[in-house]
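Chain residues, written in single-letter form:
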Amino acid sequence: MSAIAALGRLRAAATGAAQPAATVRHRHLSARPLVLVPYVLAGEAFAPLAVLVGTDRDRPHLLAVPQPRDRDRRFAHAAELGRLLLPYLGAFAAETETIERRGDDPYERSLDAPQVLVPTAGGVEYLRLLGRSTRFRRTDGEFAVAEEVPLLGRWSTWLADRAGVPGSSVLLAMTDLLTQAWVTGQSALEDGDLAALLAWIDPPAGQRGDRAARAVEGGPTAGPATDPAFDERLVPLIAAFDEAVAAERAEAAGAEARTDLGPRGRDAEQAIRDALAAELMPTWDRVWRGVELLGALPAGGSVAGRWEADRASYSFFAADLADPESRPQPRVPGAVSAAAQLATRERAQARLDAEQVRDDPLLMAAVRLAGEAFRGGLIAVDAERMVAEPGKKTARPRPMLTFATDDEPLFGPGTDLACVERPDAKARVLEAEPGRVVLELRGGMGGGKAPKPGSVPEVGEVLCWTSLIAEFRRGPDWPAVEDTPWTHGGPPPEPEPEVASDPDDDALEEWS
Amino acid sequence: MTTVPTGRAAGDPAALAAAATDAVLADLGSGAHRGVVVDSPPGAGKSTLVVRAAGELAQAGERLMIVAQTNNQVDDLLVRLVQDHPALTVGRLSATGYRLPPALVGTSVLNAEKAEALDACAVVVATAAKWALVQDRRWPWAIVDEAYQMRSDALLLVARLFDRALFVGDPGQLDPFATVDTSRWHSLSYDPSQSAVVVLRRHNPDLPVHRLPVSWRLPASAAPLVSEAFYPFTPFRSGTGPGERLLHFGAAREHDAYDAAVDVAAKSGWGLLELPARFTAAADEEAVHAVATLAARLLARGGTTIGERTPDGVPLDASRIAIGVSHREQRARVESALRDLGAAEIVVDTANRLQGREFDVTVVLHPLSGRRDATEFHLETGRLCVLASRHRHACLVVARAGIPDLLDAHPTADPVHLGVPVSFPDGWEANQAVLAELARHRVALSG
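Just so it is clear, the structure is predicted and the values come from calculations on it, not from any experiment.

### Notes on the overall build of chain A
Then step 1. Per the secondary structure count, chain A includes 13 helices and 17 strands.
Then step 2. Structurally, chain A occupies a C-alpha span of about 100 × 65 × 40 Å along its principal axes.
Then step 3. The buried share of chain A, reckoned over its 512 residues, is 46%.
Then step 4. The long-range share in chain A, meaning contacts at least 24 apart out of those at least 6 apart in sequence, stands at 69%.
Then step 5. On chain A, the mean spot of the 57 positive side-chain charges and the mean spot of the 79 negative ones are 6 Å from each other.

And the structure:
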């Protein structure tokens, strides 16, 4: 925790009111997000119980599984969810712009992309597991499922994968968004509870945040794990549903076997739906309240740039999905793709770290306190300075800038710095002593013999310089999959059929 | 569990070490294996082995590439190579803007940005990052140095360049790290965030693994503790016995806790300067001041070190002292404090960057000093192992009181991942072992 974050927490604890953790919003917020509040059955590895879903705060759709252990109902639920989600997820692919790339073919990038908001980090994991359990299902043969099911699986997998890329905004947990913007006086673990977190940030009128957070304790949880007290109420309802179904089957025995529910079964199902709706609705409202609060914050300057990367990823994925040859994402990545994924994420993290502090003076304050940045007034400029660097014959413009500052930067001579106010400027530290920093301007002056007009700061400018630099680095050239070296197990064998062929043994199916 | 060696076990350490090296070279020469792994504890002659193996392979007419992790490591290796094998044609592949350091100017080392320019060289040395850019070249042999500090994704980028390789490294030092959460790859045998050797051995379990059994750096006072705490299953011993390394200081003048700590360390090889318990930020001002003052005092006391190579004694000057910390901010603050004390020449660095370096006396700011919690970063065994194994004579630790209690309050609670080899030793236990030893050499500094 940075000194600024620690101070924020102390202030929040002392005053009972959440404190700002950022001055801007660091994630994209869609004009039309889709909110998804999932619940799973306790005691099962992954048995979806209910979902509250929709793009309109006033019109949530409740999907519930009255007997979550019944696999037919489970996949019927996945199909139903798919019918709701797929139109939304696919809707953004049609409108595109052409993006030119240096040294590569141009590509089509969608103008917007879907954004799914879940209450907590558990919701991201829910979508990952949903993808894992559905993307390999087949739409023909013994265990056929509706065509929406594997498609939904591939979309959920894309969303959950993308959520792991630092700075991405296609799938976000509301608790993460809120804790990026505000700090509370409670622990990080308690901040993971949406009800308590939102109570701190947005307490009822006239109430302190800490008291409001205490007041919501014991209420419905944001899921996907259920509250044990709710489980106690749910168990008899599911039992009643099972009884009703069994009774109706018995009545119908001898006549034509019926699979749909009779009036008794429908009543039992409705009781479960009512209980779930009451439990899920408070969280639904809280997520939308969070959207309102975050919408009131201005977006950081680099948010749109990162959203472009999300839009590109979306377009590539949508195009791949449309290709009849394409296959579901593999169960585990190969050696080469795992390494490429890690490299991509590390580059995204470095970019995010550098961009966020540039966008946000409060985050920059923490960096300045840690000695990795300083802000100061320019007191002297030697704009005529020319230096011939070792190994170079001609002298290049290297203006010398002297700043006065109260900050205590801890970087020594030779450190490369970037400037917040002048994004093109690049400089290197010549001297740093208490109260005074001398820099050499090295970039952003054009290629001429003299710096281009306006590129050298003038005396009196107050500038912030940091050693956190968002370098654009090209990814390395990974070997082709079939060239995986012996140190990493050699080329992988040909992929095996994804679904076991023996229909008698359910356990043989590829579930993960 | 294997038995732990004592400072002076039976057998001549020089003979033990030579036998181990010969076995490595025999395995290399046999051509029976695609790879050979050598585990080397701190100061066990890893570089000597690399230089010798390079010489033998080159003599056998095999072209050789050497992969190191940093530019400094490349330069250090080159200096050793041209010293020991002056007749060898050696190339250095380097990035634009790199210039040979003074020690290599005027030697036979050929520096180039492109591999084509070095095709005539018997040995080419470069960093892993630079090797990753080389195309259309292949070497029959490679030596991968500091292979435990290399991430497996870096090995994936260079493994296409060689047929066979010798992997050398210290398994006890800091594991490579990633800046993002890596749990999604944890159960993969080719986890890109794991070290190159771990992945190599999971895919090639039959590769011979050798161990260098003698630390020439660590004194008899340190080898048993470091071996037991950080290498519980692969014990090693010190090359020197008790009393072969001596550290003398002039008479104390201040007669304060700093002098007392210096005297304790001179006598026992270890010292703990303990500040009163307190929760602090990473850049704990009092601890930073204590670390800098202690190092400056070491210098001011005019010490002399006597060892097997220097029986007449060598003055303990600033170049023989180092300060080890965990965070860059701590380093910057200690450096600034040293400047105020007029001892700016003393090296201060983080554990990551002290890896592979050697000093006579070290002053260490304990990674857990002043912390409220024991996070994975601060508990990492490699960090403490690096900090506690850089010295030839003595190691002085500065810490806030209460670390054993902190450890007791934070037992390891990391999730266990299926299919992942258990890594030993356990950071928690290693920390306790080191603290138990340090407690015997404790000097309290009143706040």
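### Concerning the overall build of chain B
Then step 1. The helix and strand tally for chain B stands at 15 helices and 19 strands.
Then step 2. The C-alpha atoms of chain B give a radius of gyration of 22 Å, which matches the 22 Å a tight globule of 447 residues would have.
Then step 3. Across its three principal directions, the C-alpha atoms of chain B cover 65 × 55 × 50 Å.
Then step 4. The 447 residues of chain B split such that 54% are buried.
Then step 5. Expressed as a percentage of contacts within chain B between residues at least 6 apart in sequence, the contacts between residues at least 24 apart total 76%.
Then step 6. Carbon and sulfur atoms form 52% of the exposed surface of chain B, whose accessible area is close to 18,600 Å².
Then step 7. Charged side chains in chain B number 43 positive and 51 negative. The centres of these two groups are separated by 3 Å.

### A few points about the sheet that holds strand E16 (residues 436-443) of chain A
Residue and element names in this part refer to chain A.
Then step 1. Strands sit in the order E10-E13-E16-E15-E14-E17 around a closed barrel of six strands; the barrel is antiparallel. Within this sheet the neighbouring strands show an average axis-to-axis angle of 45°, counted without direction.
Then step 2. Pairing geometry for strand E10 (residues 373-382) and strand E17 (residues 462-466), over five bridges, is antiparallel. Bridge assignment links Gly377 to a residue of E17, and that residue is Val462.
Then step 3. Along the sheet face, helix H13 (residues 361-369) touches E10 and E17 and points at about 80° away from the line of E10.

### A few points about the pairing of strand E3 (residues 90-93) of chain B
Along a regular strand, successive side chains alternate from one face of the sheet to the other.
All names here are of chain B.
Then step 1. Residues Val90 and Arg92 line one face of E3 and the alternating positions Gly91 and Leu93 line the opposite face, and both faces are buried.
Then step 2. Across three bridges, the pairing between E3 and strand E5 (residues 123-127) is parallel. Considered in E5, the bridge of Val90 is made with Val123.
Then step 3. Bridge count between E3 and strand E4 (residues 110-112): three bridges; the pairing is parallel. Its bridge partner being in E4, Arg92 is matched across the sheet by Asn111.

### Things to note about the environment of A:Arg132
Residue and element names in this part refer to chain A.
Then step 1. Along the chain, Arg132 turns up in helix H3 (residues 121-134).
Then step 2. The partly exposed category is assigned to Arg132, whose relative accessible area is 34%.
Then step 3. Once the C-alpha coordinates of Arg132 and Gly153 are considered, the two residues, 21 residues apart in sequence, prove to be 6.7 Å apart.

### Brief notes about the interface of chain B and chain A
Then step 1. Chain B puts 34 residues into the contact, and the matching count from chain A is 30 residues.
Then step 2. Between chain B and chain A, a total of about 2,700 Å² is buried, with carbon and sulfur atoms accounting for 63% of that surface.
Then step 3. When the buried area of chain B at its contact with chain A is split by residue, B:Leu156, B:Arg184 and B:Tyr190 rank highest and sum to 24% of it.
Then step 4. Applying the counting rule to chain B against chain A returns four salt bridges.
Then step 5. Note that B:Arg328 is salt-bridged to A:Glu372, the shortest N-O span being 2.9 Å.
Then step 6. At the boundary of chain B with chain A, the tally comes to 10 residue pairs in polar contact (both at pLDDT 80 or more).

### Observations regarding the pattern of salt bridges
Then step 1. This structure, assessed with the given rule, holds 59 salt bridges over all chains.
Then step 2. A:Asp310 is the salt-bridge partner of A:Arg162, the closest N and O atoms lying 2.8 Å from each other. In this pair, A:Arg162 sits in helix H4 (residues 148-163) while A:Asp310 sits in helix H11 (residues 303-322), placing the two residues 148 residues apart along the sequence.
Then step 3. For A:Arg162, a relative accessible area of 15% translates into the label buried.
Then step 4. Residue A:Asp310 is classed as buried on the basis of its relative accessible area of 0%.
Then step 5. Where salt bridges share partners, they join B:Arg217, B:Arg245, B:Glu308, B:Arg320, B:Glu358, B:Asp360 and B:Arg392 into one cluster.

### Focus: the pairing of strand E2 (residues 34-40) of chain A
Residues and elements named next belong to chain A.
Then step 1. Most of E2 is tucked away, with seven of its seven residues classed as buried.
Then step 2. Here E2 shows two buried faces, one formed by Leu34, Leu36, Pro38 and Val40 and the other by Val35, Val37 and Tyr39.
Then step 3. When E2 meets strand E7 (residues 116-118), the two strands line up parallel, connected through two bridges. The residue of E7 that forms the bridge with Leu34 is Val116.
Then step 4. Relative to strand E3 (residues 48-54), E2 runs antiparallel, the two being bridged by six bridges.

### Some remarks on the confidence of the model for chain B
All names here are of chain B.
Then step 1. The share of residues in chain B with pLDDT of 70 or more is 97%, and the mean pLDDT across the chain is 89.
Then step 2. Confidence drops under a pLDDT of 50 for residues 1-9, and excluding neighbours within four residues, the segment shows 23 contacts in the predicted structure.
Then step 3. Reported confidences for the modelled complex are a pTM of 0.89 and an ipTM of 0.88.

### Some points on the nonpolar core
Then step 1. Counting 48 residues, the largest nonpolar core has A:Leu117, A:Met174, A:Leu178, A:Trp182, A:Leu276 and A:Leu294 as its most contacted members.
Then step 2. Looking at this core, the elements that each hand over two or more residues are E2, E3, strand E4 (61-64), helix H5 (174-181), helix H7 (194-201), helix H8 (209-215), helix H9 (228-252) and helix H10 (263-295) of chain A.
Then step 3. In terms of residue count, H10(A) provides more of this core than any other element does, 10 residues in total.
Then step 4. Those residues in contact with A:Trp182, other than ones at most four positions away along the chain, are A:Ala18, A:Gln19, A:Pro20, A:Ala21, A:Ile201, A:Leu293, A:Leu294 and A:Leu297.
Then step 5. B:Leu247, B:Leu298, B:Val334 and B:Leu338 belong to the second largest nonpolar core, which has 37 residues in total.

### Quick notes on the sheet that holds strand E8 (residues 209-211) of chain B
Residues and elements named next belong to chain B.
Then step 1. Ordered in space as E4-E3-E5-E2-E6-E7-E1-E8, the eight strands form an open sheet in which the pairing is parallel. Each having just a single partner strand, E4 and E8 make up the two edges of the open sheet. Geometrically, the sheet is characterised by an average inter-axis angle of 20° between neighbouring strands, direction not taken into account.
Then step 2. Here strand E1 (residues 35-39) pairs with strand E7 (residues 162-169) via five bridges, running parallel. Along E7, the bridge assignment pairs Val38 with Val168.

### Structural notes on the packing of helix H1 (residues 13-30) of chain B against helix H2 (residues 46-59) of chain B
Residues and elements named next belong to chain B.
Then step 1. At their nearest, the axes of H1 and H2 sit 11 Å apart, and the two run at 35° to each other. The hand of the H1/H2 crossing is right-handed. Contacts between H1 and H2 pair Thr21, Asp22, Val24, Leu25 and Leu28 from the former with Leu49, Arg52, Ala53 and Glu56 from the latter.
Then step 2. When grouped by side-chain class, the residues that make up the contact of H1 with H2 number five nonpolar, one polar and three charged.

### Description of the packing of aromatic side chains
Then step 1. Counted by the stated rule, this structure contains 17 aromatic pairs over all chains.
Then step 2. Ring centres 5.5 Å apart and planes at 10° place the aromatic pair A:Trp158 and A:Phe317 in the stacked group. With A:Trp158 in helix H4 and A:Phe317 in helix H11, this pair connects stretches of sequence that are 159 residues apart. Judged on exposure class, the residue A:Trp158 and its partner A:Phe317 are both buried.
Then step 3. Taking the centre distance of 5.4 Å and the plane angle of 80° together, the rings of B:Tyr231 and B:Phe236 count as edge-to-face.
Then step 4. Members of the aromatic cluster, each reached through a chain of ring pairs, are A:Tyr88, A:Phe92, A:Trp155, A:Trp158, A:Tyr314 and A:Phe317.

Rules and cut-offs
Residues numbered from 1 in each chain as written. Chains lettered and ligands numbered in written order. Predicted model: local features only at pLDDT ≥ 70, side-chain atom pairs only at ≥ 80, totals over all residues. Heavy atoms only, no water. Helix = DSSP H or I, 4+ residues; strand = E, 2+ residues; numbered from the N terminus. Buried < 20%, exposed > 50% of the residue type's maximum accessible area, 1.4 Å probe, protein only. Contact = heavy atoms within 4.5 Å. Lys, Arg positive; Asp, Glu negative; His and termini not counted. Charge placed at Lys NZ, Arg CZ, Asp CG, Glu CD. Rg over C-alpha atoms; globule rule 2.2 N^0.38 Å. Areas by Shrake-Rupley, 256 points an atom, 1.4 Å probe, with all protein chains shown as cover. Pairing = 2+ DSSP bridges. Axes fitted to C-alpha atoms, helices over the stretch in contact; angles between N-to-C directions. Buried area = accessible area lost by both parts, 1.4 Å probe. Salt bridge = Lys/Arg side-chain N within 4 Å of Asp/Glu carboxyl O. Polar contact = N/O pair within 3.5 Å; in protein donor to acceptor, adjacent residues only side chain to side chain. pLDDT = per-residue confidence, 0-100. Core = buried A, V, L, I, M, F, W, Y, C linked by side-chain atoms within 4.5 Å. Left-handed = near helix turned anticlockwise from the far one by under 90°. Nonpolar A, V, L, I, M, F, W, Y, C, P; charged D, E, K, R; others polar. Phe/Tyr/Trp six-rings, centres within 6.5 Å; stacked < 30°, edge-to-face > 60°.

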